[in-house]
Amino acid sequence: MTPLSDVAIGSTITVHGFSDDCPDEVRQRLASLGFTEQASVDKLRKAPMGDPSVYRVMGYQICLRNREARYVTCREHS
Amino acid sequence: MGVHLTPLPPADGAPGCVDWRVGPGLVRAEADVPPDTAPAPVRALFDADVLAAVRIEPGRIRTRFTDGHSAEQDGAAVRSALFAVLSQPGGWPAGPQDAAEVSAAADAEIAAAVRQVLADEFGAYTAVHGGRIDLVGVDDGVVTVSLGGACHGCSAAGRTLSENLALRLSRIPGYRTLRTAAAPTALPKPTFRPRRFRRSL
Amino acid sequence: MSDCCSPGGLPASEDPGRRHDPDCRHAAPPDSACPHCGSGGLTADEDPGRLPADSSCPHCTAQGETAEPAPDALRFALIGCPNAGKTSVFNALTGLRLKTGNYPGVTVTRTVGRTRVKAPATVTAGAGGRRSRKDTIDVYLEDLPGTYSLDPISPDEQVVADLLGGRLKGISRPGAALVVVDATVLERSLALVAEAMNLGVPVAVVLTMTDEMDSRGGAVDPVGLEQALGIPVRAVIGTKKSTLEPVRELLADPSSWPQPIVPPPAVAGPERVDWVRSALTEAGYRAPSEHSTTRRIDRLLLHPVWGMLIFLAIMFLFFQVIFTVAAPLQGYVEDFFNWLGTLVTDHVSQPVLADFLSTALIGGVGGILVFLPQIMLMFLLISLMENVGYMSRAAYLTDRVMSRAGLEGRAFVAMLSSLACAVPGIMATRTIPSSRDRIATTMAAPLMTCSARIPVFVLLIGMLVDESSRVWFFSAQGVIMFGLYLLGVVSAMLAAAVFKRLKSLRSGLMPFYMEMPPYRVPSLSNVLLTMWDSSKEFLAKVGKIILATSIVLWVLLSLPPRTDQADAIHEQTVAAALASGASEDDALAAGDAEARSFVLDNSYAAAIGKAVEPVFAPLGFDWRIDIGILGSFAAREVVVSTLGQIAAAEDPDNPDQALANMVHTHGDKQGEKVFTTPTIVAMLLFFVYALQCMSTVGAIRRETNSWKWPLIAWTYMFVLAWIAAFIGYQIAAAVS
């Protein structure tokens, strides 16, 4: 179970859930943004200084900092 | 595949009722459901005196509220209860079931919906062009049709027709993809396939 | 009555001087806790949500409102995700905004617009069979901040949730809601639609970007979606006004909108996921493929190396455009007002009045309008970048740097804009979701080296070093200027970091997330409308303040006029000049300068300058510099003209020499030069840090909805300026 922040650029993963230390409001907001269980997420790129990263989820692109991406646990598949 | 629970006002105007449209294969019997044999979430609503009656049939569940309860106040609770039941493997419990039986029931409902579409919307079109489309069968959400008459010979027309048909059929819950039956002059297989809605039973 | 009541119905927040006499029937100040009183600084006409005035309520009578109930105005909440095209829909329906204020108690902007629609048949029938003459009605739209969910995770979002739930004091609940949905991200957006449908008011969906759906190979049937959701769905193309006609028809009568018999699942979970999927199926939804143009452009613009280089180039261009394009326009404005000023002096005989009109009024108004080309251009470029979709890319590239100061990428735009002028920069903080970040950025923005500081720096640097002196092969003057810029930027970042850590701003750490929308060709009318709205706001709010301070300054610097004595001095000087062989024009000029100098030296400002001299003495300033500093607290450039006036008075032929040769008139430095190197260094540092701009104070007050923050800003910057100037003076004195 890898945190989303550690996933390699260019890979596609399936969201498994959120880590236990994830604050409620972060979980709530990430879910509204499309990071729900079983959702497919592509990690597209990282900013020049390493943070944030751009992800594609539910048909659109969004950037998250590692601080938040860390809370999302995922299963790699491609 | 999802539950596809959609609440609708009763077509016949019966008071205090809600007709819940349900995904294919989830309800395989036609019956009035008495409180004591209702699955637990639904029985709880009977016990709480929210529901007066429940009637199931393939593709639809009708619930009737007791006096003093209504769709506005208690609709959400009924939805949750029905969802809880229907999202279990096999949907609404109907005696011992196996996956094959459930799948077959679903295919039957899909077939009925496809026939409706062919008759209503595509019947006129094909008649005008001197052709016909027949439903060959539905297997695990895969709909097979055969194009006959003029449609059979003209490959270009056949392609547009099957694309249009596939687009229209994609609205039917449970539909996965369209195949045209092999004909002497092979028609190109349509490749349209909705990715999201896979059966998961 | 006049002591305790305020005429003109100013709300208490804008009328802080109002005193309260409990015996006076009128005296109770309007209070945001009273459901009848408005809040957010909007009058009743502009605030259609306000509950009707009540004659028994002491607040309402004090406000000057009548006891008649306000007309039953239909008000629609406009809900939608950021980037969904909500603003386009709002603009297309309402044209210009009616008024912008704040929601009570928070720094969240409230935007209300009005539009006219054909009245539904029931209205025209009229009561008692009388045919009403009106066949159109006015409805109002309230553009809520863009959000991905109505479930709040911050105080700002809580305000919106309270508004929609009717829990907000002083503003009634909107009667219906329009959810603007981007068809290309329908799957994500339906969750927001579900939440809206659980509000208990009629809801309709406005589906945008359907043209983009087609070009990207996606498909959706609005009729199918309407059947699936059970509420009205209208597809529009935001840039084509004609497609909004069906939405206008909807606005006429929300009570006629269909609603599903049972609302969709209210909370996130498997039930709602299933509801979304089922709705997408029934609507024949086919997700669009990736926007290929965006992919190609992003490969370049977000490239780790090329992306950064292009970004820096664009930022550089941003400034070049502002200064090179705006500068000639500013020149025209300046010339025009100068001409207007001479017109006044030529035609108005009373000298004091003439001076007041030309210096205070025309000079004041001119002072505002001179900035307008620059401000409008800035708003235009920002609006363009936002609408094209580049703004989020810029924020993405700068987020790491900004987060070192405790801020985020979106604060970058605010800080960048402040390099031209802090006022638009502070207005730009509205895009930042966290109010804590907004305030920290607002407090730090004035430290960014703004364009008004440039004339001051140029003057002082000119006195400090020669034009020809060099540091390596760079011009010394240029190096110092660059150093001052850098100092401003670094100080601003540090200040932001400090403010973020303040206890009073502690409201929990907001998660950072930012959508990167596809690049879209912006609609010219939208861009211009946004630019015009922001500029109008700048003019209205800030203009008043600049004009007021211009008048106050004039009073301080030009009064008491001592006309008789001034005339006498004028005569003497002219006579003396003529006697020593000067031409008539030169003699008159000399006489004018002496007279003006006399008035200045005996003005109220001079009295204040002499009084505060001890405060600034450790910095090496004498009372004449203090007058300049005093004036510059209204607007920085004033110090240049004030010092110029003093210099011209001392030596009309060579004002620059005059400043350089100016000596202390009294005290222990009497006879020594005023503008020594340490003093100039101290002045430079003072101007880097002090908040010397009433417009900025006004902008901070407007954005934070209170006087507390502007006061804190002014005070901390004054202290910083004094300390920095002091240190600079001591070091420079020790070195030289």
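How each quantity is defined
Every chain begins its residue count from 1, and numbering advances along the sequence as written. Ligands are numbered from 1 and chains lettered from A, in the order in which they are written. Two thresholds apply to this predicted model, a pLDDT of at least 70 for residue-level local features and 80 or more for giving and counting side-chain atom pairs, whereas whole-chain, interface and lining totals are computed over all residues. Only runs of H or I of at least four residues qualify as helices and only runs of E of at least two qualify as strands under DSSP, and these elements are numbered from the N terminus. To sort residues by exposure, count the other C-beta atoms lying within 10 Å of each residue's C-beta; 20 or more gives buried, 12 or fewer gives exposed, and values between give partly exposed, all with C-beta atoms placed from the backbone. Two residues qualify as a contact pair if the distance between their C-beta atoms, derived from the backbone, is within 7 Å. Taken over C-alpha atoms, the radius of gyration is set against a globule rule of 2.2 Å times the number of residues to the power 0.38. Basically, the charged four are Asp, Glu, Lys and Arg, the nonpolar ten are Ala, Val, Leu, Ile, Met, Phe, Trp, Tyr, Cys and Pro, and anything else, Gly included, counts as polar. Any two strands are treated as partners once DSSP identifies two or more bridges connecting them. The span expected for a helix works out to 1.5 Å for each residue beyond the first. Lines are fitted to the C-alpha atoms to define the axes, a helix being fitted only along its stretch in contact, and any angle between axes, read from their N-to-C directions, falls within 0 to 180 degrees. Just so you know how the angles are binned, under 35 degrees is roughly parallel, over 145 roughly antiparallel, 65 to 115 roughly perpendicular, and the rest oblique. Two helices crossing with the near one rotated counterclockwise from the far one by less than a right angle form a left-handed crossing, whereas a clockwise rotation gives a right-handed crossing. Source of the domain bounds: an automatic or database domain assignment.

Thoughts on the overall build of chain B
Broken down by element type, chain B carries five helices and eight strands. Reading the helices (α) and strands (β) of chain B from amino to carboxyl end gives β-β-β-α-β-β-α-α-β-β-α-α-β. Put simply, chain B has 201 residues, and 37% of those count as buried. A separation threshold of at least 6 residues defines the contact pool for chain B, and within that pool the share at least 24 residues apart is 61%.

Points about the overall build of chain A
Secondary structure assignment for chain A yields two helices and six strands. On C-alpha atoms alone, chain A measures out to a radius of gyration of 11 Å, which is about the 12 Å that the 2.2 N^0.38 rule sets for 78 residues. Based on the C-alpha atoms only, the size of chain A along its principal axes is roughly 30 × 25 × 25 Å. Here the analysis covers contacts within chain A between residues at least 6 apart in sequence; of these, 59% occur between residues at least 24 apart.

Observations concerning the interface of chain A and chain C
Each side of the interface is counted separately: chain A has 26 residues, and chain C has 26 residues. Secondary-structure elements contributing two or more residues to the side of chain A that touches chain C are α1 (24-32) and β5 (60-64) of chain A. A total of six residues in the side of chain A that touches chain C trace back to one element, the largest contributor, which is α1(A). In the side of chain A that touches chain C, the residues fall into 13 nonpolar, seven polar and six charged. Sheet analysis places β5(A) next to strand β10 (residues 513-515) of chain C, joined by three bridges and oriented antiparallel. If you follow Ile62(A) over to β10(C), its bridge partner there is Glu515(C).

A closer look at the interface of chain B and chain C
Interface extent is often summarised as the accessible area lost during association of the parts. Facing 22 residues of chain B, the contacting portion of chain C comprises 15 residues. Broken down by secondary-structure element, the contributors of at least two residues to the side of chain B that touches chain C are β1 (6-8) and α2 (71-86) of chain B. Tallying contributions element by element places α2(B) first for the side of chain B that touches chain C, with six residues. Residues that form the side of chain B that touches chain C fall into these classes: 12 nonpolar, seven polar and three charged.

Quick look at helix α28 (residues 708-735) of chain C
Residue and element names in this part refer to chain C. Relative to the 40 Å expected for 28 residues at 1.5 Å per residue, α28 spans 40 Å between its end C-alpha atoms, a close match to the ideal helical length. Along α28, the residues that are buried comprise Pro710, Ala713, Trp714, Met717, Ala721, Ala724, Ala725, Gly728 and Tyr729. The inward-facing, buried residues of α28 contact α16 (435-444), α26 (677-689) and α27 (694-704).

Let's talk about the sheet that holds strand β4 (residues 51-57) of chain B
What holds strands together in a sheet is hydrogen bonding between their backbones, with the strands either parallel or antiparallel. All names here are of chain B. With respect to topology, five strands assemble into an open sheet ordered β1-β2-β5-β4-β3, the strand pairing being antiparallel. Unpaired on one side and paired on the other, β1 and β3 (31-33) mark the two borders of the sheet. Each strand axis lies, on average, 25° off the axis of its neighbour in the sheet, ignoring direction. Where β1 lies against strand β2 (residues 17-21), three bridges are found, and the strand directions are antiparallel. Each residue of the ladder has a partner; that of Thr6, found in β2, is Arg21. Strands β1, β2, β4 and β5 (60-65) of the sheet are contacted by α2, whose axis makes an angle of about 35° with β2.

Describing the pairing of strand β6 (residues 72-76) of chain A
All names here are of chain A. The pairing of strand β1 (residues 2-3) with β6 spans two bridges and is classified as antiparallel. Looking across to β6, one finds that Pro3 is bridged to Thr73. The pairing of strand β2 (residues 12-18) with β6 spans five bridges and is classified as antiparallel. In the sheet register, Val15 faces β6, and the bridge partner there is Cys74.

Describing the sheet that holds strand β3 (residues 40-46) of chain A
The strand order across the open sheet formed by seven strands is β1(A)-β6(A)-β2(A)-β3(A)-β4(A)-β5(A)-β10(C), and the pairing between neighbours is antiparallel. Single-partner strands in this sheet number two, and they are β1 of chain A together with β10 of chain C. In the sheet, β2(A) pairs with β3(A) via three bridges, with the strands oriented antiparallel. Paired with Ile13(A) across the strands is Val41(A), a residue of β3(A).

Quick notes on the packing of helix α11 (residues 306-347) of chain C against helix α12 (residues 351-388) of chain C
Residue and element names in this part refer to chain C. Direction vectors running N to C along α11 and α12 enclose 160°, while the axes themselves pass 9 Å from each other. In terms of their interaxial angle, α11 and α12 are classed as roughly antiparallel. By crossing handedness, the relation of α11 to α12 is classed as right-handed.

Topic: the domain arrangement of chain B
Residues and elements named next belong to chain B. When cut into domains, chain B gives domain 1 (6-86) and domain 2 (99-180). The centre of domain 1, based on its C-alpha atoms, is set 32 Å off from the matching centre of domain 2. Listed by partner, the interface residues are six residues for domain 1 and eight residues for domain 2. Partitioned by chemical class, the residues of the side of domain 1 that touches domain 2 number two nonpolar, three polar and one charged.

Re the packing of α26(C) against α28(C)
Residue and element names in this part refer to chain C. Here α26 crosses α28 at 155°, and the two axes come no closer than 8 Å. Comparing the axis directions of α26 and α28 gives the class roughly antiparallel. Two packed elements cross with a definite hand, and for α26 against α28 that hand is right-handed. Residue-level inspection shows Thr677, Pro678, Thr679, Val681, Ala682, Leu685, Phe686, Val688 and Tyr689 of α26 in contact with α28, the latter providing Met717, Leu720, Ala721, Ala724, Ala725, Gly728, Tyr729, Ala732 and Ala733. Within the contact of α26 with α28, the residues separate by chemical class into 15 nonpolar, three polar and no charged.

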